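Commentary on secondary and tertiary structure
Each chain, written out:
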Amino acid sequence: MAGGAVVNTGGGKDYPGKLTMFVLFACIVAATGGLIFGYDIGISGGVTSMNPFLIKFFPGVYRQEQEAERNQSNQYCKFDSQLLTIFTSSLYLAALVASFFAATVTRVAGRKWSMFAGGVTFLVGAALNGAANNLLMLILGRVLLGIGVGFANQSVPVYLSEMAPARLRGMLNIGFQQMITLGILCANLINYGTAKIKGGWGWRVSLALAAVPAAIIAVGSLFLPDTPNSLIDRGYTDEAKRMLRRVRGTDDVEEEYGDLVAASDESKLVAHPWRNILQRRYRPQLVFAVAIPFFQQLTGINVIMFYAPVLFKTLGFADDASLMSAVITGLVNVFATSVSIVTVDRLGRRKLFLQGGAQMLACQIVVGALIGAKFGFTGVADIPKGYATFVVLFICAYVAGFAWSWGPLGWLVPSEIFPLEIRSAGQSITVSVNMFCTFIIAQAFLPMLCRLKFMLFFFFGAWVLVMTLFVAFFLPETKNVPIEEMVLVWKSHWYWSRFIRDEDVHVGAGVQMMHSNGKIQAAKLNV
């Protein structure tokens with residue numbers, strides 16, 4: 001079956017060990033790095049719908065909005081402002097650049113110090129934004145927030161994938177996405193409350209409170225242990241073995257430790273990971289390092305989450321109701337991500353990708369048709385409350401589909417597919433592509449909404465169809481495969497196997513490679 005070839009679960013080794021409280025606590029603390037990313041996604045859309053914020057920093061947008069409401073002019077175009085989108089998207093450009101520096105920090109100093117650097121930088125950015133008196137100060141704060149996001153998104157998914165037992169890697173890694181959704185929800189609730197503050201300074205509270213999730217990850221990272229993979233790679237072999245025993249809750253770690261050492265020895269032969277990742281044998285990982293974050297942004301989710309309050313205003317909701325609708329989508333996001341946590345290691349990555357893609361596609365077609373039926377191409381209409389509520393229901397169904405598929409899996413899959421020698425470089429590419437596409441979508445959404453009108457939903461729907469077919473044909477199943485043996489998955493795939501020679505497969509002394517019908521399978525040696 002196309003895309004369905006996997007290594008037999010007996011092929012990847014089932015290392016002894018269990019989920020210890022030590023590992024669970026470490027993964028929960030590390031996952032809080034997602035809070036800063038989620039909080040910013042939720043907060044930026046909320047403050048840009050607050051009139052006092054617009055009056056102070058974007059008076060032209062405020063006048064344009066008021067004029068559109070007075071004259072009942074084109075609802076699609078009333079928020080179209082490059083300055084407003086620069087405020088939102090500058091963070092992602094900064095995160096893109098920062099992720100390349102974060103790759104070096106993550107590899108040389110360890111994952112925890114990359115998280116710490118991200119938390120501290122985000123903290124400074126939050127302080128600047130909360131105290132901003134002019135647009136330059138506001139944008140500078142956003143840039144610092146972006147640097148923090150770049151470091152956190154680089155290090156956290158890799159840390160989680162390395163710490164987790166193979167059979168629970170999906171569940172623990174998706175904790176990062178769960179924290180992103182919690183950050184979005186908290187931001188929406190805070191916006192709902194601060195919008196009611198008299199005096200027009202509620203937006204300052206919203207922006208300044210970003211310091212709370214920043215402090216959580218900055219302080220929490222100081223108490224995190226390094227992963228055994230990172231310790232071995234940096235030469236601390238004895239400490240790595242002690243840490244591996246602790247994280248697996250057993251002294252029987254020789255086999256897994258041998259595989260980690262073999263992977264580290266292989267990585268030390270790679271002097272230039274950025275150059276090596278371009279080699280033919282890493283082609284599958286490189287393709288997915290680019291394709292998954294690229295497709296994740298083209299699902300259209302950030303259009304909903306960045307601009308949910310703006311979008312609901314366009315649908316005819318009042319100011320408070322629009323923020324409340326954003327809170328509703330935030331709740332859906334949190335609960336649906338929990339579905340992914342409990343199913344990803346049972347159903348696997350492919351099934352969630354395919355089901356979520358089908359659900360998102362159907363919802364985008366319905367929402368586009370409903371908005372088009374009322375607003376048409378003129379963008380002028382009075383939308384009944386019941387009709388708007390119906391649209392919101394389908395938007396929530398779309399958010400749920402994303403939240404148990406492309407949302408968490410967009411971070412999980414790239415973080416678990418790279419061999420150690422190119423892992424930092426590969427994750428950096430994933431973060432960079434994610435941030436670049438987020439920047440482009442954030443910058444282009446409002447002009448696209450103004451020009452494409454309701455057809456924008458069909459535009460993103462077409463991309464969802466493309467990415468769902470891509471997964472169906474080219475993504476192998478990676479559940480339950482030890483992270484250092486992931487090369488076996490690619491070697492057994494109907495398409496990617498052509499890029500990997502037998503001599504490119506190195507998985508440690510406990511695994512013997514045997515040919516069977518053109519595929520390589522793994523079997524434990526009786527040693």
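This text gives an overview of the structure that appears in the document. The structure displayed is predicted, hence computed values, not measured ones.

**Examining the environment of Phe294**
- Relative to the helices and strands, Phe294 is located in helix α15 (residues 283-297).
- Separated by 142 residues in the primary sequence, Phe294 and Phe436 have C-alpha atoms spaced 8.7 Å apart.
- Leave out the neighbours within four places in its chain, and Phe294 touches Val433, Cys437 and Trp463.

**Observations concerning helix α12 (residues 237-248)**
- Over its 12 residues, α12 extends 16 Å from the first C-alpha to the last, a length consistent with the 16 Å expected when each residue adds 1.5 Å.
- Within the sequence span of α12, burial applies to Ala240, Met243, Leu244, Val247 and Arg248. For α12, the angular spread of the buried residues around the axis is 120 degrees, confining them to a single face. When the buried face of α12 is taken as reference, the exposed residues oriented beyond 90 degrees from it are Asp238, Arg242 and Arg246.
- Positive backbone phi, at 70 degrees, marks Gly249, one or two positions downstream of α12.

**Topic: the environment of Ile197**
- Position of Ile197 among the secondary structure elements: in the loop between α8 (169-194) and α9 (202-208).
- Here Ile197 is in contact with Gly202 and Val205, once residues within four sequence places are set aside.

**A look at the nonpolar core**
- By size, the foremost hydrophobic cluster in this structure holds 128 residues, and its most contacted members are Phe53, Phe58, Trp406 and Met435.
- Among the elements that take part in this core, helix α22 (residues 423-452) stands out by supplying 11 residues, more than any other.

**A closer look at a nonpolar patch on the surface**
- A contiguous nonpolar surface patch, about 390 Å² in accessible area, is contributed by Val97, Phe100, Phe101 and Trp274.
- The greatest single-element share of the nonpolar patch, amounting to 3 residues, is contributed by helix α5 (residues 82-108).
- Structurally, Phe101 is set in helix α5.
- When its relative accessible area of 57% is taken as the criterion, Phe101 is described as exposed.

**Let's talk about the pattern of salt bridges**
- One pass over the structure, following the stated rule, counts 11 salt bridges.
- The shortest N-O distance in the salt bridge between Asp345 and Arg349 comes to 3.1 Å.
- With relative accessibility at 12%, the residue Asp345 sits in the buried group.
- Salt bridges sharing partners connect three or more residues here, namely Arg169, Asp345, Arg349 and Glu416.

**Thoughts on the packing of aromatic side chains**
- Following the criterion strictly, the structure yields 29 aromatic pairs and no others.
- Seen in terms of ring centroids, Phe288 and Trp490 are 5.5 Å apart; in terms of plane orientation they differ by 40 degrees. Their pairing is tilted. Pair noted here: Phe288 is in helix α15 and Trp490 is in helix α24 (residues 487-491), with a separation of 202 residues, a long-range link.
- The exposure class of Phe288 is buried, given its relative accessible area of 1%.
- Note on Trp490: relative accessible area 0%, which makes it buried.
- The ring centre of Phe22 lies 3.9 Å from the NZ or CZ of Arg246, which sits over that ring.

What counts and how
Residues numbered from 1 in each chain as written. Predicted model: local features only at pLDDT ≥ 70, side-chain atom pairs only at ≥ 80, totals over all residues. Heavy atoms only, no water. Helix = DSSP H or I, 4+ residues; strand = E, 2+ residues; numbered from the N terminus. Contact = heavy atoms within 4.5 Å. Expected span 1.5 Å × (residues − 1). Buried < 20%, exposed > 50% of the residue type's maximum accessible area, 1.4 Å probe, protein only. Arc of directions from axis to C-beta. Core = buried A, V, L, I, M, F, W, Y, C linked by side-chain atoms within 4.5 Å. Patch = residues over 30% accessible without salt bridge, like charges linked within 9 Å, V, L, I, M, F, W, Y side chains within 5 Å. Areas by Shrake-Rupley, 256 points an atom, 1.4 Å probe, with all protein chains shown as cover. Salt bridge = Lys/Arg side-chain N within 4 Å of Asp/Glu carboxyl O. Phe/Tyr/Trp six-rings, centres within 6.5 Å; stacked < 30°, edge-to-face > 60°. Lys NZ or Arg CZ within 6 Å of the ring centre and 35° of its normal.

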